[in-house]
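What follows is each chain in one-letter form.
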Amino acid sequence: MLQGGGALGAYQAGAFTALSDAGLSPDWVAGTSIGAINCALIAGNPKGERGNALKTFWERVTKATAGLPFVPTGAARSQWNTAAAMGAMFFGVPGFFSPRMPGSAFSPFRSPDAVSVYDTSPLRETLLELVDFDLLNDGPVRVSLGAVNVENGNMVYFDSETTRLGPEHIMASGALPPAFAPIEIDGALYWDGGLVSNAPLQYVLEEGVRLTNETGNGSPMLIFQVDLFSASGAAPRTLGEIEAREKDIRFSSRTRAATQRMEIAAQVAKIARSLGDKLPAEWRDDPDLKRLMNVAANTDVTLLHLIYRQTAYENGQKDYEFSRASMREHWQAGERDVRRIHAKADWDVLLAHGEGMKSFDLGRQ
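Along every chain, residues carry numbers that run from 1 in the direction the sequence is written. This being a predicted model, a pLDDT of at least 70 is required before a residue's local features are given, and a value of 80 or more before pairs of side-chain atoms are given or counted; all residues contribute to the totals for chains, interfaces and linings. To obtain the side-chain values, all non-hydrogen atoms of the structure were included, while hydrogens and water were left out.

Enquirer: Please provide a residue-by-residue account of the overall build of the chain, values included.
Expert: Check the secondary structure of the chain and you find 13 helices and ten strands. In terms of overall size, the chain behaves like a compact globule, its C-alpha atoms giving a radius of gyration of 21 Å where 365 residues would be expected to give roughly 21 Å. With the principal axes as the frame, the chain shows a C-alpha extent of 75 × 50 × 40 Å. Think of it in three bands: with a 1.4 Å probe and only protein chains considered, a residue is buried below 20% of the maximum accessible area for its type, exposed above 50%, and partly exposed in between. Looking at the chain as a whole, 51% of its 365 residues are labelled buried. Put simply, 74% of the contacts in the chain that link residues at least 6 apart link residues at least 24 apart. Areas reported here follow the Shrake-Rupley algorithm with a probe of radius 1.4 Å; residue values treat only the protein chains shown as occluding. A total of about 17,600 Å² of accessible surface is found on the chain, and carbon and sulfur atoms cover 56% of it. With 35 positive and 43 negative side-chain charges, the chain shows a spacing of 5 Å between the two charge centroids. Here a helix means four or more residues in a row that DSSP labels H or I, a strand means two or more in a row labelled E, and each is numbered from the N terminus. Radius of gyration here is computed from C-alpha atoms only, and the compact-globule reference equals 2.2 Å multiplied by the residue count raised to the power 0.38. In what follows, residue pairs with any heavy atoms lying within 4.5 Å of each other are defined as contacts. The charged-residue count follows a simple rule in which Lys and Arg add positive charge and Asp and Glu add negative charge, with His and chain termini not counted at all. A charged residue contributes its charge at one atom only: NZ of Lys, CZ of Arg, CG of Asp or CD of Glu.

Enquirer: Can you tell me about empty space enclosed by the protein, naming the residues and giving the values?
Expert: Every definition here rests on a 1 Å grid over the protein atoms only: cavities are sets of points where a 1.4 Å probe fits but cannot get out, pockets are open sets enclosed by protein on both sides within 12 Å along at least five of seven lines, and lining residues have some atom within 4 Å of a point. Grid points are joined across faces, edges and corners, and a volume is the space filled by probe spheres set on the points. Counting across every chain of the model gives two cavities of 30 Å³ or more. A volume near 100 Å³ is recorded for the largest cavity. What lines the largest cavity is simply Leu205, Gly208, Val209, Met221, Met262, Ala266, Ala296, Ala297, Thr299, Val301, Gly356 and Met357. Where the lining of the largest cavity is concerned, the elements lending two or more residues are helix H8 (201–215) and helix H10 (255–278).

Enquirer: Describe the UniProt feature "active site" (unreviewed entry) in the chain, naming the residues involved and giving the relevant values.
Expert: UniProt positions are given in the numbering used here, feature names are shortened, and annotations may be inferred rather than shown by experiment. What UniProt calls "active site" (unreviewed entry) maps, in this numbering, to Ser33 and Asp192. A maximum C-alpha distance of 6.0 Å places the annotated residues, which cover 160 residues in sequence, within one compact spot. For the second largest pocket, the lining residues among the annotations just cited are Ser33 and Asp192. Topologically, Ser33 is positioned in the loop between strand S1 (28–32) and helix H2 (34–43). For Ser33, a relative accessible area of 11% translates into the label buried. Setting aside anything within four residues of it in sequence, one finds Ser33 in contact with Gly4, Ser173, Gly174 and Asp192. Along the chain, Asp192 falls in strand S7 (residues 188–192). Sequence-distant contacts of Asp192, that is, excluding residues within four places in its chain, are made with Thr32, Ser33, Val148, Ala172, Ser173, Gly174, Ala175 and Leu176. In terms of polar contacts, Asp192 uses its side chain to reach the backbone amide nitrogen of Gly194, at 2.6 Å. Under the rule applied, a polar contact is a pair of N or O atoms within 3.5 Å (in protein, one hydrogen donor and one hydrogen acceptor; residues adjacent in sequence only if both atoms are side-chain atoms).

Enquirer: Help me get a handle on a nonpolar patch on the surface, residues and values and all.
Expert: Exposure above 30% relative accessible area and the lack of any salt bridge qualify a residue for a patch; like charges then connect within 9 Å, and the nonpolar side chains Val, Leu, Ile, Met, Phe, Trp and Tyr within 5 Å. Take a side-chain nitrogen of Lys or Arg and a carboxyl oxygen of Asp or Glu: if they are within 4 Å of each other, that pair is a salt bridge. Residues Ile264, Val268, Leu292 and Val295 make up a contiguous nonpolar surface patch of roughly 300 Å² in combined accessible area. By the element assignment, Val268 lies in helix H10. The class of Val268 is partly exposed, set by a relative accessible area of 33%.

Enquirer: Describe the pattern of salt bridges, with residues and values.
Expert: Working definition: two side chains of opposite charge can pair if their charged atoms are close together. One pass over the full model with this rule turns up 15 salt bridges. When the shortest N-O distance is used, the salt bridge between Asp319 and Lys247 registers 2.7 Å. Taken as a pair, Asp319 in the loop between strand S9 (301–307) and helix H12 (324–344) and Lys247 in helix H9 (residues 239–251) lie far apart in primary sequence, 72 residues in all. Using a relative accessible area of 15% as the deciding quantity, one classes Asp319 as buried. The exposure class assigned to Lys247 is buried, which follows from its relative accessible area of 9%.

Enquirer: Break down the packing of aromatic side chains for me, with residues and values.
Expert: Stacked, edge-to-face and tilted labels apply to pairs of Phe, Tyr and Trp rings (six-membered ring for Trp) whose centres lie within 6.5 Å, assigned for plane angles under 30 degrees, over 60, and everything in between, in that order. Under the criterion given, the structure shown has 13 aromatic pairs. Relative to Phe96, the ring of Phe57 lies with its centre 6.4 Å away and its plane at 55°, an arrangement referred to as tilted. Linking Phe57 in helix H3 (residues 50–61) with Phe96 in the loop between helix H4 (75–91) and strand S2 (98–99), this pair joins segments that are 39 residues apart in sequence. Judged on exposure class, the residue Phe57 and its partner Phe96 are both buried. Following the ring pairs from residue to residue traces out a cluster consisting of Phe57, Trp58, Phe96, Phe97, Tyr118, Phe180 and Phe322. Across from the ring centre of Trp28, 4.2 Å away, lies the NZ or CZ of Arg142, which sits over that ring. Note on geometry: a ring has a charge over it if NZ (lysine) or CZ (arginine) is within 6 Å of the ring centre and within 35 degrees of the ring normal.

Enquirer: Go over the environment of Thr302, please, and point to the residues and values.
Expert: Within the secondary structure, Thr302 is located in strand S9. Of the polar contacts made by the side chain of Thr302, one reaches the side chain of Lys358; its length is 3.4 Å.

Enquirer: Help me get a handle on the packing of helix H1 (residues 10–21) against H2, residues and values and all.
Expert: For the pair H1 and H2, interaxial distance at closest approach is 10 Å and the crossing angle is 35°. At the point where H1 passes H2, the crossing takes the right-handed sense. Contacts from Gln12, Ala13 and Phe16 of H1 reach H2 at Ile34, Gly35, Asn38 and Ile42. In this classification, the charged set is Asp, Glu, Lys and Arg, the nonpolar set is Ala, Val, Leu, Ile, Met, Phe, Trp, Tyr, Cys and Pro, and all remaining amino acids, among them Gly, are polar. Its residues placed into classes, the contact of H1 with H2 shows four nonpolar, three polar and no charged. Axis geometry follows a simple rule: fit a line to the C-alpha atoms, using only the stretch in contact for helices, then measure angles between N-to-C directions, giving values from 0 to 180 degrees. What makes a crossing left-handed is the near helix being turned counterclockwise from the far one by less than a right angle; a clockwise turn instead makes it right-handed.

Now the structure itself:
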């Protein structure tokens, strides 16, 4: 599960590469915004080519600064990052988006899907080049992408189980206003799913419940949730830190609250099943008891939560600072965190059977 976060998405690419190197291959990828793009690059390429597709994308969107000979350290790095972010703001990002010329504010109104600061048609071309959509739809990996309906405000998940996915579904998941215009699909307009829920946790868990209830049994689920904004953090001291902290809080999507809610539901379902076993046979089909038994999947769910922690020199522009230097640092941080976890984790505890749902925050400690 891959959260939205713009330029920070290179962390997810590094984390996925390390998981792949460790021999783990996903049956299902779910994401929002930049997470949706990474999902498409993963599911839309053969197993051995996924890392190359991610690398090609991330090198393409950061090539504007690839030739810079010097990247400062210390306090000067923050100013350097700000300059790089300003470059993306004024000139766009290669293979991703470009400024509208003339700008929407200075041109006659045409349609809602043409009103935005940037044009994302370069992203469409990049996706068509790097993603095999036949493989994405018909291959072994299920894909779920979060977006929000502009007119009713409801969260929608475009799922390869029920929908033939194309570039427009990926672009809809990342159409963050007012920078990007909404994407029209089947007569409806969609914006970035991060406006409602930046992480697809609730959808994935509810789908697990549905599948278990439909089939009567469920396969154990091992979920890696890779988030790009941390809900917890130090109180800010500068305007730049305030902007960064505000984004962390806004886009962390109340992940812990959602996790705790689903853990409680799993406990209720487990107690209800235990109670059902103790009741007389004629009472076990009581509709109310059945509803309690089915509020959570009757299977083992292990959620491993990995969160990017920003560096001291990053500021509120971190999600649109598309420099090659920062991209490499984010990618390496994702690889490093996964390898550290994989080496130190007690997998007997993490994957223990018969415990229902359990979650682990794979933080620094």
